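# A look at the structure
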Amino acid sequence: QVQLVESGGGLVQAGGSLRLSCAASERTFSPAVLGWFRQAPGKEREFVAYIRWNGGNTYYGDSVKGRFTISRDNAKNMVFLQMNSLNPEDTAAYYCAACPYYMSTSYGYTNPSKYNYWGQGTQVTVSS
């Protein structure tokens, strides 16, 4: 079974940057997409971004578009999230997730219930 482990979270000042990493344990890892979600205390889990594992196509949530960039290294079974221009509203636990299913619309991958595998999360805190 696939295990995902996130790293790279921490404390950063508003306007700063962080780069999150997610490593998959399975040697033959090949999901349809890898996604990033985030969740602040008392709030719903929010879609951040996803990337198609094979083609590399990306899709971003409106709140992070233009500031965050998702990428992957298939050979290393890793996915990354470069976060720039961070603000306090970005403070949350960030989760890497994998979806094995190909869907007909990009929007379908914004639903966290479609993802079968999840990491334990890495905390990002942005100070004002």
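So, a few notes on the structure that sits alongside this text. Since the model is a prediction, treat every value here as computed from it, not as a measurement. (Residues numbered from 1 in each chain as written. Predicted model: local features only at pLDDT ≥ 70, side-chain atom pairs only at ≥ 80, totals over all residues. Heavy atoms only, no water.)

## Focus on the side chain of Arg38
Our working rule: We count a stretch as a helix when DSSP gives it H or I for four or more residues in a row; a strand needs E for two or more, and each element gets its number in order from the N terminus. Partly exposed residues are those whose accessible area sits between 20% and 50% of the maximum for their type, while under 20% is buried and over 50% is exposed, using a 1.4 Å probe and protein chains only. Two N or O atoms count as a polar contact when they lie within 3.5 Å, although within protein this holds only if one can serve as hydrogen donor and the other as acceptor, and sequence-adjacent residues are included solely when both atoms are side-chain atoms. Only heavy atoms matter for contacts: two residues are in contact if any of them lie within 4.5 Å across the pair.
Mapped onto the secondary structure, Arg38 falls in strand 4 (residues 33–39). Its relative accessible area of 5% is what places Arg38 among the buried residues. For Arg38, the side chain forms a polar contact with the side chain of Ser63, separated by 3.3 Å. In this view, Arg38 contacts Glu44, Arg45, Glu46, Val48, Ser63, Val64, Phe68, Glu89, Asp90, Ala92, Ala93 and Tyr94; residues no more than four positions away in its chain are not counted.

## Topic: the packing of aromatic side chains
How we decide: Stacked, tilted and edge-to-face are the three classes assigned to paired rings of Phe, Tyr and Trp, where Trp is represented by its six-membered ring and a pair needs centres within 6.5 Å; plane angles under 30 degrees give stacked, over 60 edge-to-face, the rest tilted.
Per the stated rule, a full pass over the model turns up 10 aromatic pairs. Between the aromatic rings of Phe37 and Tyr115, the centroid separation amounts to 4.9 Å while the plane-to-plane angle is 80°, which identifies the pairing as edge-to-face. Placement of Phe37 in strand 4 and of Tyr115 in the loop between strand 9 (92–99) and strand 10 (117–118) is noted, with a sequence separation of 78 residues between them. Between the aromatic rings of Tyr50 and Tyr59, the centroid separation amounts to 5.6 Å while the plane-to-plane angle is 25°, which identifies the pairing as stacked.

## A word on the sheet that holds strand 8 (residues 78–83)
The following threshold applies: Being paired, for any two strands, means DSSP has found at least two bridges between them. Axis lines are fitted to C-alpha atoms, over the contacting stretch for helices. Their N-to-C directions set the angle, which ranges from 0 to 180 degrees.
The antiparallel open sheet is built from 4 strands, whose spatial order is 1-3-8-7. Every other strand in the sheet has two partners, leaving strand 1 (4–7) and strand 7 (68–73) as the edge strands with one partner each. Here the strands of the sheet are splayed against their neighbours by 15° on average, with no regard to which way each runs. Direction of pairing for strand 7 relative to strand 8: antiparallel, over a ladder of 6 bridges. Counted as the bridge partner of Arg72 is Val79 from strand 8.

## Observations regarding the nonpolar core
Defined as follows: Only buried Ala, Val, Leu, Ile, Met, Phe, Trp, Tyr and Cys residues count toward a nonpolar core, and they belong to the same one when joined by side-chain atoms within 4.5 Å.
Within the largest apolar cluster, 29 residues are counted, with the highest numbers of intra-cluster contacts made by Trp36, Leu81, Met83 and Tyr94. Breaking this core down by element, the ones donating at least two residues are strand 3 (18–24), strand 4, strand 5 (46–52), strand 7, strand 8, strand 9 and strand 11 (122–127). Core analysis: the second largest hydrophobic core is formed by 9 residues, Ala32, Phe47, Tyr50 and Cys99 among them.

## Side note on the state of the cysteines
How we decide: Any two cysteine sulfur atoms lying within 2.5 Å of each other are counted as a disulfide.
Under the counting rule described, the total for this entry stands at 1 disulfide. Sulfur-sulfur distance for the disulfide between Cys22 and Cys96 comes to 2.1 Å. Between Cys22 and Cys96, the S-S dihedral sits near -80°, and the bridge is therefore left-handed. Here Cys22 is found in strand 3, whereas its partner Cys96 is found in strand 9, with 74 residues between them in sequence. Owing to a relative accessible area of 0%, Cys96 belongs among the buried residues under this scheme.

## Quick notes on the pattern of salt bridges
Applied cut-off: Throughout this description, the term salt bridge denotes a Lys or Arg side-chain nitrogen within 4 Å of a carboxyl oxygen of Asp or Glu.
Applying the stated criterion across every chain yields a total of 4 salt bridges. The shortest N-O distance in the salt bridge between Arg38 and Glu46 comes to 2.8 Å. Judged by its relative accessible area of 32%, Glu46 is partly exposed. In this structure, the salt-bridge partner of Asp90 is Arg67, at a minimum N-O distance of 2.8 Å. Linking Asp90 in the loop between strand 8 and strand 9 with Arg67 in the loop between strand 6 (58–60) and strand 7, this pair joins segments that are 23 residues apart in sequence. Judged by relative accessible area, which is 1%, Asp90 ranks as buried. By relative accessible area, which is 16% here, Arg67 ends up buried.

None of this, on its own, says anything about what the molecule does.
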